[in-house]
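Per-entry structural report
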Amino acid sequence: MEQHPQSHPPGTAPGTTPAPGNVPAPGTPQPPPTAWPPYSPYAPHAAPPPVPVVGLPASRVWSVILATLTALCVLGLFIMQNAGPAPADEDEPLAAGAPNFILHIQARYVVGVGQLLSTMPNQDHGETLTQLSDQLSQVAVTPADRVRVITVMGELLGHKEALTQLDSFRETWADSVSDDVKDDVDTLAALYAHGRDALTDEQQQDLIDDYDWFGRLALVHDQPAGSSERQAVMAPTLRTVVGMLGIVMGGGAASIAGLVLLIIALVHVSQRRFRWAYAWQHPSAVVNRSPYLEAFILFLLGVPALGILADRLSDHVPHAVAIQVVWLLLLLPVWIRLRGVPWSTMCAGLGWHKGRGVIREVFAGVFGYMAGLPLLIAGLIVTLILAQFMHLFVPPDAPGIGAEQAGAPGPAPTPGPVHPVVYELSHVAPWQLMLLGLLLAGWAPIVEETLFRGALYHVMRRRWSIFLSATATGFMFAAIHPQGVLGIPPLMALGATFAFLREWRGSIIAPITAHALNNGMIFVLFVMVAR
């Protein structure tokens, strides 16, 4: 249908009213009307111009190759991080070494409980102390650990029980342990039978050198409670008891609060009132994401490479100093820039921005971590079930388990998911302790969140749902840690929690905060109970 323009007075624009006094007289010739553009109500809207792909183009073949390399690197790193020592030579005697961490903590806790029970007069705690000693025996994984448990039994149950256990140890391990361990057993037998005066200074020092706190515990077993030496040995046990009670009470309260927060979050999600700040439809989503995955692969290769370098440097500087070379991994985003991704686009993809404000993101990380505590507890329950299932096939006291039985230096493995770095917390100098704390609560949150919840999650989220992306990144996050198979469920729960925080906030400030909070609390608690 043809559109006819409306007439209007000369000198005025169409659709305007002429000013008073400018109305032409009747009969005045009218100028031709101004031409109007043709009206087409059904004309289709023009398609928006295509968004250019930033960075080098990625082929499907290259994407498949990168995905395969990622899987192989994760598998290889898992095998390297969790590979046990070489099998022991059957003819090689078993030497003493450092205790496993779980035994160290539980022994201090048991002795501390015994000290508290001893302050309650007119009550027989013999049965309780026997049960605690039996539970401690189940944690011992090497012959030297059993010697350590005997020193605890000597403290809790008396010297007669210690002598009985030493006789049983001789019958079981006489032909397997080294001469040094045999000498230590003979020294302990003389100590419990005749007292400390029966030992030479050299024998006493050997017990301390070989068994550290356990050796000191044996040497003061018959000293009065007011002795300064005995008080120095017992002080860590009471600190451990207080720390363990704090973990139970504080963790319980935080878990209840976290469960409430998690329920509130799930209700908001079900009602579609939850705002997800991360949007994979963001312009950065159309960027070639291969550079992000390449940076993640370089991270997987760089972790063992820098670990080897740190071991070499440990020959010249303390290990707490040498291990700081892993901070070099923070330079990996430079690779993304070198591959042609603009700085602003890279920051959007990695979550390197302040979100809705740094302070607000930090608080979101704290509350998000609390909401994830129920998931962490569920992971720990799965770990306990797996541990019981694995013990059906490999008893914890089976021969051939542990670094000590392989004649290898260093701490024996633990029957639980404990990071190897915690072994250093109990004996390093204070300044080295601060460096390790910086590594746990600084490097790990910043670097790991940048690569896992930044680069890797950004790649996966383009094709996968929130749940699948969070689960996959959480599993790979758990697999590369050296806590072993038993550590995967709780670490996977943590990794998924951090991924949900990235999806919720967009920025990685919240995941970094939650990660730092988790590692920082673990560091403080371990220092409290282990030093």
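Turning next to the overall build of the chain. Scanning the chain for helices and strands turns up 18 helices and 0 strands. Accessible surface for the chain amounts to roughly 28,300 Å². Of this, 66% is attributable to carbon and sulfur atoms.

Membership of the largest hydrophobic core comes to 52 residues, with the highest contact counts inside it found for Tyr 292, Phe 299, Leu 300, Leu 329 and Phe 452. Mapped by element, the contributors of at least two residues to this core are α1 (60–82), α10 (290–313), α13 (343–350), α14 (358–391), α15 (430–461), α16 (466–479), α17 (488–505) and α18 (509–530). With residues near it in sequence (within four places) discarded, Phe 299 still touches Leu 329, Leu 332, Val 447, Glu 448, Leu 451, Phe 452 and Ile 480. Ala 140, Val 181, Leu 188 and Val 233 belong to the second largest nonpolar core, which has 42 residues in total.

What follows concerns the environment of Phe 526. Mapped onto the elements, Phe 526 comes out in helix α18. Exposure remark for Phe 526: the relative accessible area of 22% places this residue in the partly exposed category. Taking the C-alpha atoms as reference points, Phe 526 and Gly 243, 283 residues apart in sequence, are found 8.8 Å from one another.

The next subject is the environment of Gln 115. Mapping Gln 115 onto the fold places it in helix α2 (residues 101–118). Sequence separation between Gln 115 and Thr 237 is 122 residues; the distance between their C-alpha atoms is 8.5 Å. Beyond its immediate chain neighbours, meaning those up to four positions away, Gln 115 contacts Glu 155, Arg 230, Met 234 and Leu 238.

This brings us to the confidence of the model for the chain. Mean pLDDT over the chain stands at 78; residues scoring 70 or higher make up 75%. Every residue in residues 1–7 is under pLDDT 50, and counting partners more than four places away or in other chains gives 1 contact. Residue range residues 34–56 is modelled with pLDDT below 50. Its contacts to residues more than four positions away, or to other chains, number 18 contacts.

With the rule as written, the count across this model stands at 9 salt bridges. Across the salt bridge formed by Glu 294 and Arg 339, the nearest N and O atoms sit 2.6 Å from each other. Separated by 45 residues along the polypeptide, Glu 294 in helix α10 and Arg 339 in the loop between α12 (333–338) and α13 bring together distant segments of the chain. No difference in accessibility class separates Glu 294 from Arg 339, as the two residues are buried. One continuous salt-bridge network, built from bridges that share partners, spans Asp 167, Arg 170 and Asp 186.

On to unusual backbone geometry, then. A positive phi angle is found at Asp 212, which is not glycine, with a value near 50°. By secondary structure assignment, the location of Asp 212 is in the loop between α7 (201–211) and α8 (213–219). Here Asp 212 falls in the partly exposed class, since its relative accessible area comes to 45%. Despite not being glycine, Arg 272 has its phi angle at roughly 55°, a positive value. Of note, Arg 272 is situated in the loop between α9 (228–270) and α10.

This part takes up α10. For α10, spanning 24 residues, the distance from its first C-alpha to its last is 34 Å, which sits close to the expected 34 Å at 1.5 Å a residue. A bend of about 30° at Gly 302 is the largest found in α10, and the proline Pro 304 appears one to four places after it.

Next up on the list: the environment of Glu 127. Of note, Glu 127 is situated in helix α3 (residues 126–137). Each C-alpha atom of the pair Glu 127 and Leu 157 lies 9.9 Å from the other, and the pair is 30 residues apart in sequence.

Here the structure, examined in full by the defined rule, presents 8 aromatic pairs. Relative to Phe 214, the ring of Trp 213 has its centre 5.2 Å away and its plane inclined at 80°; by these criteria the two rings are edge-to-face. The two residues Trp 213 and Phe 214 agree in class, both being buried. Taken together, the aromatic side chains of Phe 296, Phe 299, Phe 452, Phe 477 and Phe 498 make up a single cluster linked through ring pairs. Across the ring face of Trp 213, the terminal group of Arg 108 is positioned such that the distance to the ring centre comes to 5.6 Å. Seen from the ring of Phe 477, Arg 453 lies directly overhead, with NZ or CZ sitting 4.6 Å from the centre.

Here Thr 497 is to be found in helix α17. Excluding residues that lie within four positions of it along the chain, Thr 497 makes contacts with Gly 368, Gly 372 and Leu 375.

All right, on to α7 then. Every buried residue of α7 is accounted for by Gln 204, Leu 207, Ile 208 and Tyr 211. End-on, the buried residues of α7 take up no more than an arc of 100°, which puts them together on one face. Residues of α7 that are exposed and point more than 90 degrees away from the buried face comprise Asp 201, Glu 202 and Asp 209. Looking at the residues trailing α7, positive phi occurs at Asp 212, about 50°.

Definitions and cut-offs
Residues numbered from 1 in each chain as written. Predicted model: local features only at pLDDT ≥ 70, side-chain atom pairs only at ≥ 80, totals over all residues. Heavy atoms only, no water. Helix = DSSP H or I, 4+ residues; strand = E, 2+ residues; numbered from the N terminus. Areas by Shrake-Rupley, 256 points an atom, 1.4 Å probe, with all protein chains shown as cover. Core = buried A, V, L, I, M, F, W, Y, C linked by side-chain atoms within 4.5 Å. Buried < 20%, exposed > 50% of the residue type's maximum accessible area, 1.4 Å probe, protein only. Contact = heavy atoms within 4.5 Å. pLDDT = per-residue confidence, 0-100. Salt bridge = Lys/Arg side-chain N within 4 Å of Asp/Glu carboxyl O. Expected span 1.5 Å × (residues − 1). Bend = angle between axes of the 7 residues up to and from the residue. Phe/Tyr/Trp six-rings, centres within 6.5 Å; stacked < 30°, edge-to-face > 60°. Lys NZ or Arg CZ within 6 Å of the ring centre and 35° of its normal. Arc of directions from axis to C-beta.

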